[in-house]
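Spelled out from the first residue to the last, the chains are:
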Amino acid sequence: MKRTLLKIAAVAALLFAGTAVAEETGIAWFKTVETEVSAVTPVPTPEPTPEPVRSALSEEPCIEGPYDWSYADDTKNICIRKFSEKDKTWFVADIRLEDAFAFRAAYNLKGVKLSKMIEGIDAVLAINGDDFGVHKNGIIIRNGKLLREKPTNRHLLVLDEEGDLYGIKGVKRNEEEDLALKLSETGAWQVFDFGPVLVENGECASFPGSFDLISTDKSHKEPRTAIGMISPLHYVLIVVDGRQKGYSMGVSLQELQQMFVDLGAEFAFNLDGGGSTELWFQGKVLNRPSSKHERQISDIILF
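Here the structure is a predicted model, which means the values were calculated and not measured.

**Notes on the overall build of the chain**
Along its length, the chain carries four helices and 18 strands. Classification of the 303 residues of the chain by burial places 46% in the buried group. Split by element, the accessible area of the chain, about 16,200 Å² in all, is 51% carbon and sulfur.

**Here's the deal with the state of the cysteines**
Applying the stated criterion across every chain yields a total of zero disulfides. The closest cysteine sulfur to the non-disulfide-bonded cysteine 62 is located on cysteine 79, 7.2 Å from its own sulfur. Given the relative accessible area of 18%, cysteine 62 is considered buried.

**Focus on the confidence of the model for the chain**
Taken residue by residue, the chain gives an average pLDDT of 88. The fraction at 70 or more is 83%. For the stretch residues 1–41, pLDDT sits under 50, and the model shows 17 contacts to residues farther than four places along the chain or on other chains.

**Digging into the pattern of salt bridges**
Here the structure, examined in full by the defined rule, presents ten salt bridges. A salt bridge links aspartate 94 to arginine 96; its shortest N-O distance comes to 2.8 Å. Neither residue differs from the other here; aspartate 94 and arginine 96 are each classed as buried. In this structure, lysine 169 and glutamate 200 form a salt bridge, with 3.2 Å as the shortest nitrogen-oxygen distance. Of this pair, lysine 169 sits in strand 9 (residues 165–171) while glutamate 200 sits in strand 11 (residues 197–200), and the two are 31 residues apart along the sequence. Note on lysine 169: relative accessible area 37%, which makes it partly exposed. What makes glutamate 200 partly exposed here is its relative accessible area of 33%. Here the salt bridges do not stand alone but share partners, grouping Asp130, Arg142 and Asp299 into one network.

**Here's the deal with the sheet that holds strand 2 (residues 76–85)**
Spatially, eight strands are ordered 1-2-3-14-13-15-11-12 in an open sheet, and the strand pairing comes out antiparallel. Each of the sheet's edge strands pairs with one partner strand only, and the pair in question is strand 1 (69–72) and strand 12 (203–204). Sheet topology places strand 13 (residues 224–231) next to strand 15 (residues 267–270); four bridges connect them, and they run antiparallel. Bridging across to strand 15, glycine 228 finds its partner in alanine 268. Of the strands in this sheet, strand 3 (88–97), strand 11, strand 12, strand 13, strand 14 (234–240) and strand 15 touch helix 4 (residues 253–263), which is tilted by about 145° from strand 14.

**A word on the packing of aromatic side chains**
Across all of its chains, the model carries six aromatic pairs by this definition. Measuring from centroid to centroid gives 4.9 Å for phenylalanine 101 and tryptophan 189, while their planes differ by 85°, and the two rings are edge-to-face. Of this pair, phenylalanine 101 sits in the loop between strand 3 and strand 4 (104–113) while tryptophan 189 sits in strand 10 (residues 188–194), and the two are 88 residues apart along the sequence. Residue tryptophan 189 is classed as buried on the basis of its relative accessible area, which comes to 14%. Seen from their ring centres, tyrosine 107 and phenylalanine 132 are 5.8 Å apart, and the 65° between their planes marks the pair as edge-to-face.

Rules of the game
Residues numbered from 1 in each chain as written. Predicted model: local features only at pLDDT ≥ 70, side-chain atom pairs only at ≥ 80, totals over all residues. Heavy atoms only, no water. Helix = DSSP H or I, 4+ residues; strand = E, 2+ residues; numbered from the N terminus. Buried < 20%, exposed > 50% of the residue type's maximum accessible area, 1.4 Å probe, protein only. Areas by Shrake-Rupley, 256 points an atom, 1.4 Å probe, with all protein chains shown as cover. Disulfide = S-S within 2.5 Å. pLDDT = per-residue confidence, 0-100. Contact = heavy atoms within 4.5 Å. Salt bridge = Lys/Arg side-chain N within 4 Å of Asp/Glu carboxyl O. Pairing = 2+ DSSP bridges. Axes fitted to C-alpha atoms, helices over the stretch in contact; angles between N-to-C directions. Phe/Tyr/Trp six-rings, centres within 6.5 Å; stacked < 30°, edge-to-face > 60°.

Structure, rendered in structure tokens:
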């Protein structure tokens, strides 16, 4: 402190002297005086507090036990129940993840059976996806990679890197490139093209007239594959068998909506169904595909 005061005094004296000279000559001059100053240890900048890692592993399942199948490890908890009533058999899978990157996809544009596509992949559960290999529509992103950017009347299912699921109802012509760029820049991890959106904000969504991919008639029952979100990283799958008299005829989209609402889903989305509907768990196909065998499909969702 003493040496610092000496330096301040010296600088003040020089400034006074320089002013005096300037008044006499019109020229201001200063001489640098080196004075020893004690080294001061800088206060370290505190490290930012890391954001807590979001995880749904500790959340309660949306279905009660006893479970027909279950699995748990450090990255995912899965429990599955099979339900049956007159002319309807369906499966509900509750899935809670550590992070969104455990929500993966695989594809083969030539089309192969699900059980073949998943060979060599470390996965516990898989369902059929949107079968994007059979058409040229929509924005397709798989495991963070943009595969296609085209307009579509279908709906998009988006999964971001935080594990949030949401829908986009159609992509207009000349808007596809900007939307694809925006989705990529904001961290879309998966984007599927099918639909319709079934549930929004915990309520049954209305079906727009522009959506004409499949019938939305209340009386039209089909095998269904659909996915819902209870909360980010907490998902529920519903797989309904159909087209099989005496076992299961399937459900309408309106019935499927209500099933998700009853389970507490905040959001839900219909995927490819019909003969493609399939639920695979630890090496076994759990449901009964309507065609009596596995259909060749171009993509799957896996956990």
